[in-house]
Amino acid sequence: YLLEKRLRLAVENQSFHLEFQPQISGADHRLVGTEALIRWKDDQLGHVPPARFLPVAEESGLMNRIGEWVLEEACRTAASWQKEGLSIRMGVNISPSQFQRADFVQTVSAVLAKTGLAPELLDLEITENDLLYHQDSCLHILQRLKEIGVKLSIDDFGTGFSSLSYLRQFPVDTLKIDKSFIKEVYENKNDQAIVTSIIQLAHNMEMRVIAEGVEEQQSLPFLMERNCDELQGFYYSRPVPPEKILLFHKELP
Ligand code: G
Ligand code: G
Ligand code: MN
Ligand code: NA
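- Under an unreviewed UniProt entry, the protein has the name Diguanylate cyclase and belongs to Alkalicoccus urumqiensis.

The structure is reproduced here in structure tokens:
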């Protein structure tokens, strides 16, 4: 329970920060977006990874406050980049408990208004399993989010118990191919078949597709030949502090 106690304190003091991982366009290798990822360094516990504290946050009812902080901080950061001439999308992970709240759409609107970020630069990432689990209530929320002009992505695509029928109804802009399919895509025939199919599926449905977890240069030819729209992964960059994103942008060939 020490973790929960420290987490409660961290929420009170807003002692989190964000890192950002670049997303690169496949066609011309430009920086087109980043994904915001929460980080927590506690005075007593040190760095606690999100995979450890987010489940605790979810169980102890702290997730919504953390999620709102992330959303606002990410939008404020993207708006500041926009002012410096770097208009790129900001991906924000949304947890199911956040998404299910009656006031979620209003919260998103309010944060956009407060930070001045253009709605089309905000990209909300929801995992495939979360969408499927709450399928009926999701459709309406997604439609309302589209009305305010934000982008919607399905995160970890391919790992859920997907029936694919939900894709027909959901107004989603982007599929993010789960990193488990990308890791060895340069050599694994099964991964190649799956990734090829996901890219085709996305394009046939007029969605964009992002390959997550690109670690190897050897994977690039495969993904580019199939017109994968965007690439994200350690090969390009680990998640980095915001000032590094501006430098990264200037240094890309
Ligand atoms: O950054 P890292 O690889 O350690 O993230 C581990 C997991 O935590 C990933 O599944 C990621 O989606 C999730 N995560 C990171 N930051 C956030 C956040 O701000 N909100 C939510 N809901 N999940 C996050
Ligand atoms: O679940 P989600 O897709 O939001 O998780 C994003 C997390 O994936 C980030 O926190 C990041 O640390 C991790 N990640 C990003 N790129 C790579 C990569 O190339 N390899 C691996 N193993 N993890 C990655
Ligand atoms: Mn994500
Ligand atoms: Na993912």
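Overview of helix H1 (residues 2–13)
Then, in step 1: For H1, spanning 12 residues, the distance from its first C-alpha to its last is 17 Å, which sits close to the expected 16 Å at 1.5 Å a residue.
Then, in step 2: Just past H1, the residue Gln-14 takes up positive phi, approximately 50°.

Digging into the site of ligand 1
Then, in step 1: All residues adjacent to ligand 1 are Leu-37, Ile-38, Pro-49, Pro-50, Ala-51, Leu-54, Gly-67, Val-70, Asn-93, Ser-95 and Pro-239.
Then, in step 2: Broken down by secondary-structure element, the contributors of at least two residues to the shell around ligand 1 are strand E2 (31–42), helix H2 (50–59) and helix H3 (63–83).
Then, in step 3: Here the shell around ligand 1 takes 3 residues from H2, the largest share from any one element.
Then, in step 4: Residue composition of the shell around ligand 1, grouped by class: 8 nonpolar, 3 polar and no charged.

Things to note about the site of ligand 2
Then, in step 1: In the vicinity of ligand 2 there are 13 residues, among which Leu-37, Gly-213, Glu-215, Gly-233 and Phe-234 approach most closely.
Then, in step 2: Its residues assigned to classes, the shell around ligand 2 shows 4 nonpolar, 4 polar and 5 charged.

Focus: unusual backbone geometry
Then, in step 1: Phi angles above zero are rare outside glycine, and Gln-14 is one such case at about 50°.
Then, in step 2: Mapping Gln-14 onto the fold places it in the loop between H1 and strand E1 (16–25).
Then, in step 3: Phi is positive for Asn-227, close to 60°, though the residue is something other than glycine.

Describing the nonpolar core
Nonpolar side chains in soluble globular proteins tend to be buried together.
Then, in step 1: Counting residues in each nonpolar core, the largest one holds 58 residues, and the members touching the most others are Ala-74, Val-92, Leu-122 and Ile-177.
Then, in step 2: Residue contributions to this core peak at 7 residues, all from H3.
Then, in step 3: In this view, Leu-122 contacts Cys-75, Met-90, Val-92, Leu-112, Leu-117, Val-150 and Lys-151; residues no more than four positions away in its chain are not counted.

Overview of the environment of Val-48
Then, in step 1: Here Val-48 is to be found in strand E3 (residues 46–48).
Then, in step 2: Between the C-alpha atoms of Val-48 and Leu-3, which are 45 residues apart in sequence, the distance is 9.2 Å.
Then, in step 3: For Val-48, the contacting residues outside a window of four places in its chain are Trp-40, Asp-42 and Phe-53.

Parameters at a glance
- Residues numbered from 1 in each chain as written.
- Chains lettered and ligands numbered in written order.
- Predicted model: local features only at pLDDT ≥ 70, side-chain atom pairs only at ≥ 80, totals over all residues.
- Helix = DSSP H or I, 4+ residues; strand = E, 2+ residues; numbered from the N terminus.
- Expected span 1.5 Å × (residues − 1).
- Near = placed C-beta within 6 Å.
- Nonpolar A, V, L, I, M, F, W, Y, C, P; charged D, E, K, R; others polar.
- Core = buried A, V, L, I, M, F, W, Y, C linked by C-beta atoms within 7 Å.
- Buried ≥ 20, exposed ≤ 12 C-beta atoms within 10 Å, placed from the backbone.
- Contact = placed C-beta atoms within 7 Å.

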